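Residue-level listing of the chains:
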Amino acid sequence: MATKAAFLDRDGVINTDHGYVYRWDQFEFMPGVEEALLGLQQRGYKLVIVTNQSGIARGYFSEADFAALNERLTQHLAAKGIHLAGIYHCPHHPDEGLADLKVHCDCRKPAPGLILRAVRDLDLDLSASLLIGDKPSDIEAGQRAGVGHLFQVTTAEPLTGAQSVASLPAMLPLLTD
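This report concerns the structure included in the present document.

Quick notes on the rules
Residues numbered from 1 in each chain as written. Predicted model: local features only at pLDDT ≥ 70, side-chain atom pairs only at ≥ 80, totals over all residues. Heavy atoms only, no water. Helix = DSSP H or I, 4+ residues; strand = E, 2+ residues; numbered from the N terminus. Contact = heavy atoms within 4.5 Å. Salt bridge = Lys/Arg side-chain N within 4 Å of Asp/Glu carboxyl O. Buried < 20%, exposed > 50% of the residue type's maximum accessible area, 1.4 Å probe, protein only.

A word on the side chain of Asn15
Tracing the sequence through the fold places Asn15 in the loop between β1 (5-8) and α1 (33-42). Apart from the residues within four sequence positions on either side, Asn15 is in contact with Arg10, Val21, Phe27, Glu28, Phe29 and Met30.

Below is the structure:
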């Protein structure tokens, strides 16, 4: 039986976006995020990170660097009782970077590939799921994939079809069971 997921952008939603974050000592959780992740999990959502990581294509850091950060993040959250069902990333960039990663792909948001791969891997119900991102490309990826509920972290007008929230923790009270 398919279950619901919370698709989460990383930089700007889970952690402060300092630009090309790839080391644990650069990773700074946004205020209240760990509690919000636990709240989502307690409401029955599988937690799935979907993130563009063009720093890999640009040669700023490697897949191994990214994997090491993911391992630290996963361990840190697990120690707090928070389980990530998956971390899906796009290492590509269409116009800049290393030859084999300088491509147009179906996984770089706003394309829905990361979300659709998670749906296949984890048996997720898109209509019951939610996505929270800070960029229009996050929201567009959610729309193109068919995610049921879209939230945009912004102080400006959100993309049409998304609800504006100040942060991931501010989204929790808006959820109905």
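Moving on from the coordinates now.
Section: the pattern of salt bridges
Pairs may arise between side chains of opposite charge once their charged atoms sit close together. If you walk through the whole model with that rule in mind, you get eight salt bridges. Close ionic contact of Asp17 with Lys135 constitutes a salt bridge, the shortest N to O distance being 3.6 Å. Here Lys135 lies in the loop between β4 (130-133) and α5 (136-145) and Asp17 lies in the loop between β1 and α1, a separation of 118 residues in the sequence. Asp17 gets classed as partly exposed once you look at its relative accessible area, which sits at 38%. Ionic pairing is found between Arg23 and Asp25, a salt bridge with its closest N-O pair at 3.0 Å. A cluster of three or more residues bridged by salt bridges with shared partners is formed by Asp9, Lys109 and Asp138.

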